[in-house]
Amino acid sequence: MTYRGNLDLDRLASMAWDGLLDIEYRPLCRRSAEIFGYCQLGDDEAMAGMAADGANHGTVGFVYIPPETPEVFADGVAGLWERQRSSLQELADRLSRHRFTFNVLVGCWNNGLFPYYPDWYRQRHPDLAMLDQEGRPIMATMFPPPEEVRVQSAAFPARPAQPWDSLEAPAVNEEVQAYIRLVVEHLRDVEALRYWSNGGEMLYPTYVFPGRWADYGSLAITHFRAWLAEVYSHIERLNAAWGTDYEAFAEVEPPRAVGINQPSLDWHRFRLQALTEHYQWNHATVREIDRTRPYLGVMHGDPFHDLCYAELGESLAGLASVTDGFTTSQILVPDHKLIYNVQYLQSLSAFRKPLACEMLACASHPPEYFGQPLSPGAVRVNGSFTPEMARRAIYECLGYGAWHIGLVAYTGSLPDGDWQIKDRPAQAEVRRIFHELRALAPALEGMAAWAPKLALYIPEPAWLLLGWQPDWARFQAAALRAHVPHTLIYDQTLPEPGRPRRVEVVVVAYATLVDPEALGRLEK
């Protein structure tokens with residue numbers, strides 16, 4: 001840890017430079033685990049229970065979801081918000097009573113497993129559906145008929161599968177931005193508000209349905225062609241790189257069969273850029289109205305195996321470049337890949353921006369589930385944190401400088417899991433940990449995680465085209481077992497010639513595919 005106390009200025013400047021969090025963010029994030037609790041707020045009874053556990057912070061969502069009938073939407077976005085904002089004063093009163101701060105998820109998400117847009121809205125916006133390489137909409141839902149779901153504490157109404165939502169529908173995007181403006185305008189004066197984040201998880205459906213690449217809708221292809229024109233400038237340069245003979249960018253087709261070649265690499269990079277632009281637009285909208293609080297982008301899913309980074313379509317470097325930092329919604333699994341949480345924390349903290357583990361979840365199978373056969377078509381659901389995983393995960397977050405730690409969840413379930421911690425074995429341990437964090441606050445004040453001088457290089461072309469490499473995972477696991485601090489370095493964070501180096505040793509464990517420009521910076 002680096003201490004920002006009574007030290008000489010030269011040493012202080014050196015230590016601040018080597019901190020895992022850039023010094024410009026220190027006034028915002030005064031210490032690791034400054035705010036912590038559950039990823040929800042709830043009514044007075046629930047908040048009293050969370051406060052008794054030691055929590056000091058919660059999360060509330062204002063997500064753009066049109067009503068079930070078009071008649072209720074007659075006044076558009078403004079009418080929708082007018083009906084929702086009546087609860088704001090009650091929320092502010094509860095926060096004050098329980099001495100909570102909070103963050104707000106604002107905007108939309110396009111995780112197609114949660115098909116929240118009603119049929120009439122999709123009919124009004126036919127360009128809302130993502131299409132796969134064969135031109136088919138990609139249908140999804142997490143809400144099958146109740147008899148197919150095994151959940152301990154809740155039953156869920158069935159939600160028929162709907163097309164996965166595109167990022168490209170202009171009218172919908174405009175409505176989402178209008179909604180964000182209204183939410184931010186009405187909440188920015190609430191003193192207990194600490195930060196904003198995206199309305200939820202954003203991803204491509206390929207992550208859930210491998211092999212079905214998207215988006216091949218007409219608007220997405222037009223966007224792809226415009227991006228190529230910006231990257232290559234002249235069609236001759238694209239033809240030389242692709243081995244094609246197009247006469248204009250308007251003729252270019254995205255690859256329908258993804259492989260290890262330049263067209264596929266460009267297609268993957270475009271998908272990353274398209275999703276990054278979504279976050280950039282949201283960030284600009286929020287910060288135009290509220291310049292005092294950060295807007296953080298949501299990183300989720302598991303990009304650390306196979307082709308999942310390309311399938312997911314979320315660029316770590318992209319989010320870091322267009323937002324004020326990261327929130328996360330990783331799901332830990334105790335009996336699988338114990339280094340997963342550290343991989344997440346390492347990968348994001350390497351950008352030296354605020355890190356908030358806003359939706360930290362754990363999928364542990366309840367003992368009574370083991371050995372039980374499932375009926376045909378049934379879904380095996382998960383339990384939540386075990387006491388051991390709660391302690392491990394929370395202190396891993398603290399050690400990597402996470403500013404906010406929010407557990408999923410105090411109460412509640414979904415068809416994919418029974419996430420409740422209340423009245424489960426982990427609650428007593430979580431309560432102990434939260435009170436430990438309160439006791440640690442004076443010691444942690446003014447401290448920031450130390451930035452390692454050893455880095456593992458992750459070349460983006462290899463990550464996108466070949467997937468997360470076993471050599472990288474083996475190095476991470478071996479370094480952790482040997483207690484060797486290290487960070488990650490990417491093509492986008494390699495220092496420019498003449499710029500100070502923040503790491504002294506770079507491990508190149510696998511570099512079959514490396515961007516030539518990045519290779520030049522790596523060599524220097």
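Refer to the structure above for everything that follows.
Residues numbered from 1 in each chain as written. Predicted model: local features only at pLDDT ≥ 70, side-chain atom pairs only at ≥ 80, totals over all residues. Heavy atoms only, no water.

**Student:** Help me understand the overall build of the protein, please; the structure alone is not making it clear to me.
**Tutor:** For the protein, the helix and strand inventory stands at 17 helices and 16 strands. Computed over its C-alpha atoms, the radius of gyration of the protein comes to 23 Å, within 12% of the 24 Å expected for a compact globule of 524 residues. Every one of the 524 residues in the protein was classed for burial, and the buried ones make up 56%. In the protein, the proportion of contacts linking residues at least 24 apart, taken out of those at least 6 apart, comes to 78%. Here the protein displays about 22000 Å² of accessible surface, and carbon together with sulfur accounts for 55% of that area. (Helix = DSSP H or I, 4+ residues; strand = E, 2+ residues; numbered from the N terminus. Rg over C-alpha atoms; globule rule 2.2 N^0.38 Å. Buried < 20%, exposed > 50% of the residue type's maximum accessible area, 1.4 Å probe, protein only. Contact = heavy atoms within 4.5 Å. Areas by Shrake-Rupley, 256 points an atom, 1.4 Å probe, with all protein chains shown as cover.)

**Student:** I would appreciate a short explanation of helix α2 (residues 44-52) in the present structure.
**Tutor:** In an α-helix there are 3.6 residues to a turn, and that puts residues three or four apart on one side. Among the residues of α2, those classed as buried are A46, M47, G49 and M50. Considered in projection along α2, the buried side chains sweep an arc of 155° and stay on one side of the axis. Packed against the buried residues of α2 are β2 (35-38) and α4 (88-98). For α2, the capping residue at the N-terminal end is D43, with a side-chain oxygen 3.2 Å from the backbone nitrogen of E45. (Arc of directions from axis to C-beta. Polar contact = N/O pair within 3.5 Å; in protein donor to acceptor, adjacent residues only side chain to side chain.)

**Student:** Whenever I open this one, empty space enclosed by the protein confuses me. Can you help?
**Tutor:** Think of a ball as big as a water molecule: rolled over the atoms, this probe shows where empty space is left. Applying the stated criterion across every chain, the model contains six cavities of 30 Å³ or more. Approximately 150 Å³ is the volume found for the largest cavity. As for the largest cavity, its lining consists of 15 residues, of which L20, L21, Y400, G401 and A449 are closest to the centre. Residues belonging to the lining of the largest cavity are distributed by class as follows: ten nonpolar, three polar and two charged. (1 Å grid on protein atoms, 1.4 Å probe; cavity = no way out; pocket = protein on both sides within 12 Å on 5 of 7 lines; lining within 4 Å. Points joined across faces, edges and corners; volume = space filled by probe spheres on them. Nonpolar A, V, L, I, M, F, W, Y, C, P; charged D, E, K, R; others polar.)

**Student:** So what exactly am I meant to see when it comes to the environment of D245 here?
**Tutor:** Of note, D245 is situated in the loop between α8 (235-242) and α9 (262-289). As a C-alpha pair, D245 and I489 span 244 residues in sequence and 37 Å in three-dimensional space.

**Student:** How should the nonpolar core be read in this particular structure?
**Tutor:** One recurring pattern in soluble globular proteins: nonpolar side chains tend to sit buried together. F102, W196, F385 and L407 are the most contacted members of the largest nonpolar core, which has 137 residues in total. The next biggest cluster of nonpolar side chains, apart from the first, holds eight residues, and it includes Y25, Y195, L296 and A356. (Core = buried A, V, L, I, M, F, W, Y, C linked by side-chain atoms within 4.5 Å.)

**Student:** Just to check I follow, could you spell out the pairing of strand β4 (residues 101-107) for this structure?
**Tutor:** When a strand is regular, its side chains alternate between the sheet's two faces. Burial analysis of β4 places seven of its seven residues in the buried class, which makes it a mostly covered element. Where strand β3 (residues 57-63) lies against β4, seven bridges are found, and the strand directions are parallel. Considered in β4, the bridge of H57 is made with T101. Bridging between β4 and strand β7 (residues 193-198) involves five bridges; their strand directions are parallel. Paired with F102 across the two strands is L193, which belongs to β7. (Pairing = 2+ DSSP bridges.)

**Student:** Quick question: what am I supposed to make of the layout of surface pockets here?
**Tutor:** When its volume is computed, the largest pocket comes out at roughly 1400 Å³. Every element with two or more residues in the lining of the largest pocket is listed here: β3 and β11 (355-362). By residue number, the principal contributor to the lining of the largest pocket is β3, which donates five residues. Lining the second largest pocket are 31 residues, with R269, E460, D491, Q492 and D515 positioned closest to its centre. Of all the elements in the fold, those that place two or more residues in the lining of the second largest pocket are α7 (218-232), α9, α11 (316-322), α15 (460-465) and α17 (516-523). Here the element with the most residues in the lining of the second largest pocket is α9; it accounts for eight residues.

**Student:** Hey, could you run me through the packing of aromatic side chains in this one?
**Tutor:** Each aromatic ring pair is described using two quantities: the centre-to-centre distance and the angle formed by the ring planes. Taken as a whole and assessed by the stated rule, the structure comprises 35 aromatic pairs. Aromatic pair F304 and W468: ring centres 5.2 Å apart, planes at 80°, arrangement edge-to-face. Residue F304 is located in the loop between β8 (295-299) and α10 (308-312), and its partner W468 is located in the loop between α15 and α16 (470-481); the two are separated by 164 residues in the primary sequence. Relative to Y510, the ring of W472 lies with its centre 6.4 Å away and its plane at 80°, an arrangement referred to as edge-to-face. You can see W472 sitting in helix α16 and its partner Y510 sitting in the loop between β16 (505-507) and α17, a full 38 residues away along the chain. The class of W472 is buried, set by a relative accessible area of 0%. Three or more aromatic residues link up through ring pairs in this structure, and these residues are F304, Y309, F326, Y340, Y344, F351, W463, W468, W472, Y490 and Y510. Taking NZ or CZ as reference, R271 lies 4.1 Å from the ring centre of Y204, over its face. (Phe/Tyr/Trp six-rings, centres within 6.5 Å; stacked < 30°, edge-to-face > 60°. Lys NZ or Arg CZ within 6 Å of the ring centre and 35° of its normal.)

**Student:** So what exactly am I meant to see when it comes to unusual backbone geometry here?
**Tutor:** Outside of glycine, negative phi angles account for most residues, and trans bonds account for most peptide bonds. Following A214, the chain continues into D215 via a peptide bond in cis, with omega recorded as 20°. Along the chain, D215 falls in the loop between β7 and α7. A cis amide bond links V408 to the next residue, A409, at an omega of 0°. On the secondary structure map, A409 appears in the loop between β12 (404-407) and α14 (425-444). Phi at D306 takes a positive value of approximately 50°, unusual for a residue other than glycine. Residue position: D306 is located in the loop between β8 and α10. Assessed through its relative accessible area of 53%, D306 is described here as exposed. Look at H483: it is not a glycine, yet its phi comes out positive at around 60°. Along the polypeptide, H483 turns up in the loop between α16 and β15 (487-490).

**Student:** How should I be thinking about the side chain of S384 in this particular structure?
**Tutor:** Along the polypeptide, S384 turns up in the loop between β11 and α13 (387-399). S384 gets classed as buried once you look at its relative accessible area, which sits at 7%. Within the structure, the side chain of S384 is placed 3.0 Å from the backbone oxygen of W419, a separation counted as a polar contact. The contacts of S384, once residues within four sequence positions are left out, are C362, S364, V408, A409, D418, W419, Q420 and I421.

**Student:** In this structure, what is going on with the sheet that holds β15? I would like to understand it.
**Tutor:** Pairing between the strands of a sheet is mediated by backbone hydrogen bonds and can be parallel or antiparallel. Across the sheet, which stays open at both edges, the three strands sit in the order β15-β14-β16 with parallel pairing between neighbours. Taken across any chain shown, the strands that pair with only one partner, and hence form the sheet edges, are β15 and β16. For this sheet, the mean angle separating the axes of adjacent strands, direction not counted, is 40°. Lying over the sheet, α16 contacts β14 (454-458), β15 and β16, oriented at roughly 165° with respect to β14. (Axes fitted to C-alpha atoms, helices over the stretch in contact; angles between N-to-C directions.)

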